[in-house]
Amino acid sequence: TVKDFAGNTNVYTQGVKILATDPQMTVTVSNEEGYRNKLGDVEYFDVTRTATIEIRDRNTTFAMFQENFVLNVTENKGSEEDGQTYTVGNWETELPASGGDAIHRMTITFNGSGQYSFNVSYVNKADRSAEPYQSKTFVVDKKAPTGTLAAKGSKLDKTWAELVSPRYFPIWKN
């Protein structure tokens, strides 16, 4: 209600939307069950892995959404020759047809040799937060081990075929 000094009154009605639901965040990582070996809690993969992050929220304004998103990647590189070991994709937003949640989606590709872990969090403008996500630690290693075999001495008990037959190490043994 508005009233001026002359006593005139006017009533305005304005609807207000109150955001009372928390945003939902889903993180999926490719090859989740496809690890080659496991040492303690660390899983070893011989392929590229991709994490897809999807956030569903009533907030349909991308600029407002993006500033409240936090991504931290911890990386221990295999070697400098591996180059860039992970890439973060661009955000894509899928707007609802009418009145539903907007879906914000992006990917992180772990394509180089290294040990990784990452965590994700999001808080919307109504100060409502999605459940934070913490990945398991994992290793991407696409390079086969190399080495040389040397035999010393004039009397060898083993034939050359026996010396060069495959060797297995406990960490990789199934």
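Before going into details, it helps to say that this report is about the structure given with it. Everything numeric here is computed off the predicted structure, so don't read it as measured data.

### Describing the nonpolar core
- Formed by 19 residues in total, the largest nonpolar core has its most connected members in Ile53, Phe110 and Phe118.
- Sorting the residues of this core by element identifies strand 3 (24–29), strand 6 (49–57), strand 10 (102–110), strand 11 (114–122) and strand 13 (138–140) as the ones contributing at least two each.
- At four residues, strand 11 tops the list of elements feeding residues into this core.
- In this structure isoleucine 53 touches Met25, Thr26, Val27, Phe69, Leu71, Trp91, His104, Arg105, Met106, Ile108 and Val120, once residues within four positions along its chain are discounted.

### Structural notes on the pattern of salt bridges
- Applying the stated criterion to the full structure yields six salt bridges.
- Measuring nitrogen to oxygen at the nearest pair gives 3.5 Å for the salt bridge that ties lysine 136 to glutamate 43. Residue lysine 136 is found in the loop between strand 12 (133–134) and strand 13, and its partner glutamate 43 is found in strand 5 (residues 42–45); the two are separated by 93 residues along the sequence.
- Between glutamate 54 and arginine 56 there is a salt bridge whose closest N-O contact spans 3.5 Å.
- Salt bridges linked by common partners bring Glu54, Arg56, Glu94 and Arg105 together as one network.

### Things to note about the pairing of strand 11
- In this sheet, strand 13 lies alongside strand 11 in antiparallel orientation, the contact comprising three bridges. Among the inter-strand pairings, glutamine 115 is bridged to a residue of strand 13, identified as valine 139.

### What about the environment of threonine 137?
- Tracing the backbone shows threonine 137 in the loop between strand 12 and strand 13.
- The partly exposed category is assigned to threonine 137, whose relative accessible area is 26%.
- Residue contacts for threonine 137: discarding those within four places in its chain leaves Asp41, Val42, Glu43, Gln115, Tyr116 and Ser117.

Thresholds applied
Residues numbered from 1 in each chain as written. Predicted model: local features only at pLDDT ≥ 70, side-chain atom pairs only at ≥ 80, totals over all residues. Heavy atoms only, no water. Core = buried A, V, L, I, M, F, W, Y, C linked by side-chain atoms within 4.5 Å. Buried < 20%, exposed > 50% of the residue type's maximum accessible area, 1.4 Å probe, protein only. Helix = DSSP H or I, 4+ residues; strand = E, 2+ residues; numbered from the N terminus. Contact = heavy atoms within 4.5 Å. Salt bridge = Lys/Arg side-chain N within 4 Å of Asp/Glu carboxyl O. Pairing = 2+ DSSP bridges.

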